[in-house]
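Analysis of the macromolecular model
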Amino acid sequence: ACMLLLVVLTTAAGGQASALPPLHLTQVTDQVFVAVGATGPPSYENAGHNNNLSIIIASTGVVVVNGGDNYQLAARLHQAIKLLTPLPVVWVINENGQGHAFLGNSYWRDQGVKIIAHGLAVDEIRKHGTQSLQQMIVRNRDKSVGTYVAEPDIAFEQRYGLEVGTTRIELISFGEAHSPGDISVWLADQEVLIAGDIAFHQRLLAIFPDTNVAAWIESFDRMAALEPNIVIPGHGTPTDIATLRKYTQGYLQFLTRQIQAILDADGGLAAAYAIDQSAYAHLDTFDELAAKNAGRLFQTMEMEAF
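Residues numbered from 1 in each chain as written. Predicted model: local features only at pLDDT ≥ 70, side-chain atom pairs only at ≥ 80, totals over all residues. Heavy atoms only, no water.

1. A closer look at the pairing of strand β5 (residues 62–65)
Applied cut-off: Note on classification: 1.4 Å probe, protein chains only; a residue is buried when its accessible area is under 20% of the maximum for its type, exposed when over 50%, partly exposed between these limits. Starting at the N terminus, helices and strands are each numbered in turn, a helix being any DSSP run of H or I of at least four residues and a strand any DSSP run of E of at least two. A pair of strands counts as paired when DSSP detects no fewer than two bridges linking them. Every crossover in which the path from the first strand over the helix to the second runs clockwise, viewed with the strands pointing away from the viewer, is termed right-handed.
Where burial is concerned, the two faces of β5 agree: the one with V62 and V64 and the one with V63 and V65 are both buried. Summarising the sheet, strand β4 (residues 53–57) and β5 pair through four bridges and their orientation is antiparallel. Residue pairing for β5: S54 is matched across the bridge by V65. The turn joining β4 and β5, which pair antiparallel and follow one another in sequence, is formed by four residues. Summarising the sheet, β5 and strand β6 (residues 89–93) pair through four bridges and their orientation is parallel. Paired with V63 across the strands is W91, a residue of β6. Of the crossover connections in this fold, the one passing from β5 over helix α1 (residues 71–84) to the parallel β6 is right-handed.

2. Quick word on the sheet that holds strand β9 (residues 159–164)
For clarity, the threshold we go by: Axis angles are defined between N-to-C directions and span 0 to 180 degrees, where every axis is a line fitted to C-alpha atoms and, for a helix, only to the segment in contact.
On the basis of which strands lie adjacent, the open sheet formed by five strands has the order β9-β10-β11-β12-β13 and mixed pairing. Each having just a single partner strand, β9 and β13 (230–233) make up the two edges of the open sheet. Ignoring strand direction, the axes of neighbouring strands in this sheet form an average angle of 20 degrees.

3. Structural notes on the pattern of salt bridges
Note the following rule: For salt bridges, the criterion is a side-chain nitrogen of Lys or Arg within 4 Å of an Asp or Glu carboxyl oxygen.
Under the counting rule described, the total for this entry stands at six salt bridges. Ionic pairing is found between D69 and R139, a salt bridge with its closest N-O pair at 3.2 Å. In this pair, D69 is assigned in the loop between β5 and α1 and R139 in helix α4 (residues 119–140), connecting sequence segments 70 residues apart. With a shortest N-O distance of 3.1 Å, D221 and R245 are connected by a salt bridge. Linking D221 in helix α5 (residues 213–224) with R245 in helix α6 (residues 241–264), this pair joins segments that are 24 residues apart in sequence.

As structure tokens, then:
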């Protein structure tokens, strides 16, 4: 277990009366920090910061993992970075094509920073970026000012290596997981994995209509094979593989077994909704997602059985 140091950054932002303060950064190692987002849904109160925004301070520049939910949130992250180091931000990595991963790209694009994502995430941004932007504007109102859809400059498929000074950063797709284009960021020298949405532990994961649960279970094993010492998940505090396996792969395997038993007994959708998921009831977003997850996985597995 590692000790996490909380760096509280409270300097006022930019001198503007309406400006929000810099984000709080938790120190993970000497090079890695994370602004841990709320584990509930995005809201006006949390300014859409319900996912993790990580930074890697290399010898010649800073790499940011996730653009953030909006322009102003990205600006607040940049303020926090400036309190830690005078080095410039040289790369932004989008961990997938969800709004809170890419809408803040607009701020970084205006700073001239290069942005990179998986090809499937870029496709998602092209298809649904405007819709994500509109939903964010409705939720964030005045906190959405300045945000526009900025597509990544570079798309990759399997692996992509970044050399920033003496720091080697590897972007890896382990296969299908939570959403299209999910990637993880591996710092082998630090034994730190910024896993993204392949791994959950403090909030219940969401199974989307297009989520391939069987593939996600296998992708998790490929990720775990790296044997990282510390893992920063897409949501929640830094932790270890064993914890993430319990609440991500373990949960997916549990639901799969339960639904297979229902199908074997010629049960219906109502039985799926009635699955006892109380072992996971302490997780945030359980009430919003548990029954929905069971229903979606039941429908997928029922279709595959024909």
